[in-house]
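# Residue-level structure breakdown
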Amino acid sequence: MGDQRRVSTDGTRNEPRKKAPARRNPEAGQGPARKAASSRLEDARSRMYRDLIFEAAECVFGAKGFEGATMQQIAAEAGVSLKTVYASYPGKQELYTAIMLARGRAMYEAVRDAYASTDQPIERLVRGTRAFVAFLFAHEDWSRIHVRSQTSWAIRPAEAGTAELWDLGHRAHVDMLRQGMEAGVFCEDDPDELALMLQTMTRIQVVHAIERGEADSEAVADRLVARLLRLTRNPGVDLRETG
């Protein structure tokens, strides 16, 4: 077929062009097991960053409140870039809501399990209160977030997720009080109103103890249990008879 080299306009012959090597797909040749391992590693890294940012944000929100906190402060507390924070959470409100939902759900479950551990109304009040105090002491930053929000503990939240948790917790408290009234171990009262009053008093006293720097959660729980029993227990009931 003859020489296929092209001749340029000045009469010189050009060498034929060489094709550029094809780019290699980094995932080419990887089997399903290797791809799955890579995906698990990326998921684990993402969870690690989310947990780190979650804890840092809880600390910042607890110290400065929602309005006073910034995503830059949260990134600095977590020791990550601002870009990493936004890759994990779309914004400050979403991060704040995630904290309130996660901690609120965990607290509800702790108190629910304490209630479920006995069928005696007074003992349910005692164990539920101790579980509640222990949880707030274990999550002091979350406790401070509530204080800085300046929202009454007795008011049902407007957000759907937190409102649902509030309903569950309040209903469990009301049922426990009603059961005790029907059994004659608690004074007759409106269980719904009494639950609101006890919940508010309990949280305020625990947070006050934390803010004062008290470290003995059991001592705080002892004082609180004694006050709650003075408010609720039927004077004619001997605690020894209730088990």
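Residues numbered from 1 in each chain as written. Predicted model: local features only at pLDDT ≥ 70, side-chain atom pairs only at ≥ 80, totals over all residues. Heavy atoms only, no water.

## So, the overall build of the protein chain
Each helix and strand in the protein chain was counted, giving 10 helices and 0 strands. Each helix and strand of the protein chain, placed in order from N terminus to C terminus, yields the pattern α-α-α-α-α-α-α-α-α-α. Across the 243 residues in the protein chain, those meeting the buried criterion constitute 35%. Nonlocal contacts in the protein chain, meaning residues at least 24 apart in sequence, comprise 63% of its contacts between residues at least 6 apart. By element, 50% of the accessible surface of the protein chain is carried by carbon and sulfur atoms, the whole surface being about 15,100 Å². (Helix = DSSP H or I, 4+ residues; strand = E, 2+ residues; numbered from the N terminus. Buried < 20%, exposed > 50% of the residue type's maximum accessible area, 1.4 Å probe, protein only. Contact = heavy atoms within 4.5 Å. Areas by Shrake-Rupley, 256 points an atom, 1.4 Å probe, with all protein chains shown as cover.)

## Some remarks on the side chain of Arg103
Relative to the assigned elements, Arg103 resides in helix α4 (residues 92-116). With near-sequence residues (within four places) excluded, Arg103 lies in contact with Phe54, Glu58, Phe135, His139 and Trp142.

## Some words on the confidence of the model for the protein chain
For the protein chain, per-residue confidence averages 86 on the pLDDT scale, and 85% of positions sit at 70 or higher. Averaged over each element, pLDDT in the protein chain is lowest for helix α10 (residues 239-242) (54) and highest for helix α2 (residues 71-78) (97). Segment residues 4-9: pLDDT under 50, and 11 contacts once partners within four positions in sequence are set aside and those in other chains are kept. (pLDDT = per-residue confidence, 0-100.)

## Quick word on the nonpolar core
Within the largest apolar cluster, 51 residues are counted, with the highest numbers of intra-cluster contacts made by Phe61 and Leu95. Ignoring sequence-local partners within four residues, the contact set of Leu95 consists of Ile53, Phe54, Ala57, Phe61, Met71, Ile74 and Tyr89. (Core = buried A, V, L, I, M, F, W, Y, C linked by side-chain atoms within 4.5 Å.)

## Thoughts on the pattern of salt bridges
Summed over the entire model, instances satisfying the criterion amount to 11 salt bridges. Between Glu58 and Arg103 there is a salt bridge; the shortest N-O distance is 2.8 Å. Residue Glu58 is located in helix α1 (residues 32-68), and its partner Arg103 is located in helix α4; the two are separated by 45 residues in the primary sequence. Among the residues examined, Glu58 registers a relative accessible area of 7% and is labelled buried. Taking the relative accessible area as the measure of exposure, Arg103 reaches 18% and is therefore buried. Arg144 is the partner of Glu211 in a salt bridge, and the nearest nitrogen-oxygen pair spans 2.7 Å. Highlighted residues: Glu211 in helix α8 (residues 191-211) and Arg144 in helix α6 (residues 140-149), separated in sequence by 67 residues. Classification of Glu211 as partly exposed rests on a relative accessible area of 44%. Shared partners join several salt bridges into a network, and the residues in it are Glu140, Asp141, Arg144 and Glu211. (Salt bridge = Lys/Arg side-chain N within 4 Å of Asp/Glu carboxyl O.)

## Details of the packing of aromatic side chains
Inspection of every chain in the model, using the stated rule, returns 4 aromatic pairs. For the pair Phe61 and Phe66, a centre-to-centre distance of 6.0 Å together with 25° between the ring planes defines the contact as stacked. Accessibility expressed as a relative area gives 22% for Phe66, which makes it partly exposed. Ring geometry for Phe66 against Tyr96: centres 4.9 Å apart, planes inclined by 65°, an arrangement best described as edge-to-face. Taken together, the positions of Phe66 in helix α1 and Tyr96 in helix α4 put the pair 30 residues apart, joining distant regions of the chain. An aromatic cluster is defined as three or more aromatic residues linked by ring pairs; in this entry it consists of Phe61, Phe66 and Tyr96. The ring of Tyr89 has Arg50 sitting right over it, with the charged end atom 4.2 Å from the ring centre. Looking at Lys92, its charged tip hangs above the ring of Phe66, at a distance of 4.4 Å from the centre. (Phe/Tyr/Trp six-rings, centres within 6.5 Å; stacked < 30°, edge-to-face > 60°. Lys NZ or Arg CZ within 6 Å of the ring centre and 35° of its normal.)

## Some details on a negative patch on the surface
On the surface, a cluster of negative charge is contributed by Glu182, Glu188, Asp189, Asp190, Asp192 and Glu193. Examined against the element boundaries, Asp190 turns out to sit in the loop between α7 (160-183) and α8. On the accessibility criterion, Asp190 (33% relative accessible area) is partly exposed. (Patch = residues over 30% accessible without salt bridge, like charges linked within 9 Å, V, L, I, M, F, W, Y side chains within 5 Å. Lys, Arg positive; Asp, Glu negative; His and termini not counted. Charge placed at Lys NZ, Arg CZ, Asp CG, Glu CD.)

## Considerations on helix α9 (residues 217-232)
Residues three or four positions apart in an α-helix share a direction because the helix packs 3.6 residues into each turn. Helix length check: α9 (16 residues) gives 22 Å between terminal C-alpha atoms against 22 Å at 1.5 Å per residue, within 8%. Taken together, the buried positions of α9 are Val220, Ala221, Leu224, Val225, Leu228, Leu229 and Thr232. All buried residues of α9 project into a common sector of 160° when viewed along the axis, lining one side. Its side-chain oxygen placed 3.1 Å from the backbone nitrogen of Glu218, Asp216 serves as the N-cap of α9. (Expected span 1.5 Å × (residues − 1). Arc of directions from axis to C-beta. Polar contact = N/O pair within 3.5 Å; in protein donor to acceptor, adjacent residues only side chain to side chain.)

## Things to note about a nonpolar patch on the surface
Together, Met48, Tyr49 and Leu52 give the surface a local cluster of nonpolar side chains, amounting to about 260 Å² of exposed area. By the element assignment, Leu52 lies in helix α1.

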